[in-house]
Each structure stands twice: as C-alpha cells, then as structure tokens.
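An overview of the molecular structure
Here's the letter readout for the chains.
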Amino acid sequence: MFEKYLAYKDLFWQLTFREIKARYKQSVLGYAWAIIVPLLNLLVLSIVFSYVFRVPTGNIPYPIFLFVALVPWMFLTNAITSATGSVMANASLITKVRLPREILPISAVSAKLVDLFLTSIVLIIFLFVYQINLQLTFLFVPIIFLVQLMLVIGASLLLSATNVFFRDIENILGIFLTIWMYLTPVIYSSALIPANLELLFYLNPMTGIIDSYRDTILYGSLPNWNSFIYSMIFSLTLLILGLIYFRKRAKYFADVI
C-alpha cells in the first residue's frame, strides 16, 4: 500500500506547495497574514475575556492561556476548511489523472502546517515574554499534536468526500466549526464546565486535546489520561473510518464532478 503512495510523492508535494503559494498570491503582506490573523483574534478575545468576562486561569495570564489553545484550534479550522473543498478544487485531476485521491485533502492539510509553524514561533516568543518556564512535560506536545493531526485528517477525508455529492457541506462548515469551538475549552477553562455537562463536553475529542496542550505547556503537568486516551482512540477511529469512507466514495467522483 505504501509503495502506491510513494509513487505519487512528487505530485503530493506539488499539490502542497501549490496550495501554499495560492493562498498568499498577490497579497501585499504574504505569509505575515498567518501571524496577523491569530494575533488579532488573540487581541479581541483577550480584551473581552480578561476585562469583561473574567476567566479563571490559575496564575497564568489570560492572553497566553488563550493563545496556547488558539494556535492548534486555528490549525484545525483552517486545515479542515481547506481540505473540504480540495477534491472539487482539483476536479481536472480527478477526471484526467489516475491517482490515490485521498492525497488531495491530505495535501491541503499539509499546506496548513506552514501557518502552524509560523504561529508556533510567535507562541514560543509569548511563552518567554510571559516568563512561562517550560517543564519536561513539554516533550508530550508532539504526541498531542499527532493525535490532533489524526483527528484533522480523518474529519477532512469524511467532509471532502461528502462535499462532492452534497455541496452544502462547504456552506455550513463555518457554522459547524464555530459551534464546535464554543463547545471546546478554547476561550474558557474546562474547570468552568458544569458538573452535569462534563460527560457531554468530554465526548468532544478536542476537549482532551486542548486541555493536554495547556497541562503540558503551561502547568508542567501530564495530560489527564482519561480524556486524552479517549481523544486518541476517537481520532484514530475517525482516521480509519474516514479513509475507508473516502475510498468507497472516490470511485464515483468522476461521475459526479
């Protein structure tokens, strides 16, 4: 199976770099937008939730408390949004070139790693500015990100395949992602979740992932294993199901596009 993908590695990288270039083509500020947008979001949300609605964060300043969650969340939303329309955006390839079509949404996700890298640099600078001492638990961050990446790719495969047959997916995706964010402790602490709603909130795999980022980066503690292992199992399952679903639907792409 892997030999099949290796045969198309050059096409995969071409699609990835084309996506990266297309986003900032004819843009005056170029890649700076990858930093400006999250910083503007951080500024607005920090003002609202630091001074209007005070969110308990322990001894952690709210801006860095928020930014640690906002960086991975924006990667998720940007990657899924881009990947959902990736099959339709490459309709000519679908009808003219024989290729494993799952590389289309996966390359769209890969392109967003550039934005993630740039915002992560800003996050590291913020950690030094706010004098957050990184502990050994920081070494868990790549593992947490790997779990999130499985979740993102799994969701992208499901949505991109479905979008070929039901174009409404792209239209309602923004609403769904907004609702998902408010059901995830991005702008607030999971400590604020009412006890009678905890089970519902922790069924959301991003709850365990966001909490794990904060625990390991800000608080120097290990992830809550119950919620994180659930997120891991959920993400892996979604990745497998997404791949199976995508391959089954891909047989009919050329007939519909």
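You'll find the structure just up there.
Here's what I pulled together on the structure shown here.

What counts, and where the lines are drawn
Residues numbered from 1 in each chain as written. Predicted model: local features only at pLDDT ≥ 70, side-chain atom pairs only at ≥ 80, totals over all residues. Heavy atoms only, no water. Helix = DSSP H or I, 4+ residues; strand = E, 2+ residues; numbered from the N terminus. Areas by Shrake-Rupley, 256 points an atom, 1.4 Å probe, with all protein chains shown as cover. Expected span 1.5 Å × (residues − 1). Buried < 20%, exposed > 50% of the residue type's maximum accessible area, 1.4 Å probe, protein only. Contact = heavy atoms within 4.5 Å. Axes fitted to C-alpha atoms, helices over the stretch in contact; angles between N-to-C directions. Left-handed = near helix turned anticlockwise from the far one by under 90°. Nonpolar A, V, L, I, M, F, W, Y, C, P; charged D, E, K, R; others polar. Lys, Arg positive; Asp, Glu negative; His and termini not counted. Salt bridge = Lys/Arg side-chain N within 4 Å of Asp/Glu carboxyl O. Parallel < 35°, antiparallel > 145°, perpendicular 65-115°, else oblique. Core = buried A, V, L, I, M, F, W, Y, C linked by side-chain atoms within 4.5 Å. Phe/Tyr/Trp six-rings, centres within 6.5 Å; stacked < 30°, edge-to-face > 60°.

As for the overall build of the chain
- Along its length, the chain carries 14 helices and zero strands.
- Walking the chain from its N terminus toward its C terminus, one meets helices and strands in the order α-α-α-α-α-α-α-α-α-α-α-α-α-α.
- When the accessible surface of the chain is split by element, carbon and sulfur atoms take 69% of a total near 13,700 Å².

Here we look at helix α10 (residues 168–182)
- Helix length check: α10 (15 residues) gives 22 Å between terminal C-alpha atoms against 21 Å at 1.5 Å per residue, within 8%.
- If you check which residues of α10 are buried, you get Ile 169, Leu 173, Leu 177, Trp 180 and Met 181.
- Residues of α10 that are buried in the fold lie against α4 (62–84), α9 (141–165) and α12 (205–217).

Some points on the packing of α4 against helix α7 (residues 103–111)
- In contact at an axis separation of 8 Å, α4 and α7 are set at 145° when each is read in the N-to-C sense. In the crossing of α4 with α7, the sense of the turn from one axis to the other is right-handed. The residues of α7 that touch α4, namely those facing Phe 75, Ala 79, Ser 82 and Ala 83, are Pro 105, Ala 108 and Val 109.
- Along the lines of polarity and charge, the residues of the contact of α4 with α7 split into six nonpolar, one polar and no charged.

Things to note about the side chain of Asp 215
- Mapped onto the elements of the fold, Asp 215 is located in helix α12.
- Comment: no salt bridge for buried Asp 215; closest opposite-charge side chain is Arg 214, at 8.1 Å.
- Beyond its immediate chain neighbours, meaning those up to four positions away, Asp 215 contacts Gly 220, Ser 221, Leu 222, Pro 223 and Asn 224.

Focus: the packing of α4 against α10
- Between α4 and α10, the least distance of the axes is 10 Å, while the angle of their chain directions is 165°. One way to sum up the angle between α4 and α10 is to call them roughly antiparallel. Remark: the crossing between α4 and α10 carries right-handed chirality. For the pair α4 and α10, contact is made by Trp 73, Leu 76, Thr 77, Ile 80, Thr 81 and Thr 84 and by Ile 169, Glu 170, Leu 173, Leu 177, Trp 180 and Met 181, respectively.

Here's the deal with the nonpolar core
- One finds Ile 64, Leu 76, Trp 180, Val 186, Met 206, Leu 218 and Phe 253 to be the most contacted residues of the largest nonpolar core, which totals 65 residues.
- In this structure, Leu 76 is in contact with Gln 148, Leu 151, Val 152, Leu 177, Trp 180 and Met 206, ignoring residues within four places of it in sequence.

As for the pattern of salt bridges
- A full pass over the atoms with the stated rule returns one salt bridge.
- Arg 247 serves as the salt-bridge partner of Glu 102, at 3.3 Å between the closest nitrogen and oxygen. Highlighted residues: Glu 102 in the loop between α6 (91–96) and α7 and Arg 247 in helix α13 (residues 225–250), separated in sequence by 145 residues.
- With relative accessibility at 30%, the residue Arg 247 sits in the partly exposed group.

Here's the deal with the environment of Ile 229
- Relative to the elements of secondary structure, Ile 229 occurs in helix α13.
- Taking the relative accessible area as the measure of exposure, Ile 229 reaches 40% and is therefore partly exposed.
- Spatially, the C-alpha atom of Ile 229 lies 9.5 Å from that of Pro 205, the residues being 24 residues apart in sequence.

Observations concerning the packing of aromatic side chains
- Per the counting criterion, the structure on display carries eleven aromatic pairs.
- Between Tyr 62 and Phe 65 the ring centres are 6.0 Å apart and the planes differ by 35°, which places this aromatic pair in the tilted class. Placement of both Tyr 62 and Phe 65 in helix α4 is noted, with a separation of three residues, approximately one turn of the helix. The pair formed by Tyr 62 and Phe 65 is uniform in burial state, with each residue classed as buried.

Description of the environment of Tyr 252
- Within the secondary structure layout, Tyr 252 lies in the loop between α13 and α14 (253–256).
- Using a relative accessible area of 43% as the deciding quantity, one classes Tyr 252 as partly exposed.
- For the pair formed by Tyr 252 and Val 164, sequence separation is 88 residues and the distance between their alpha carbons is 9.4 Å.

Examining the environment of Lys 9
- The topology assignment puts Lys 9 in helix α2 (residues 9–23).
- Accessibility expressed as a relative area gives 44% for Lys 9, which makes it partly exposed.

Read these as spatial facts, not as claims about activity.
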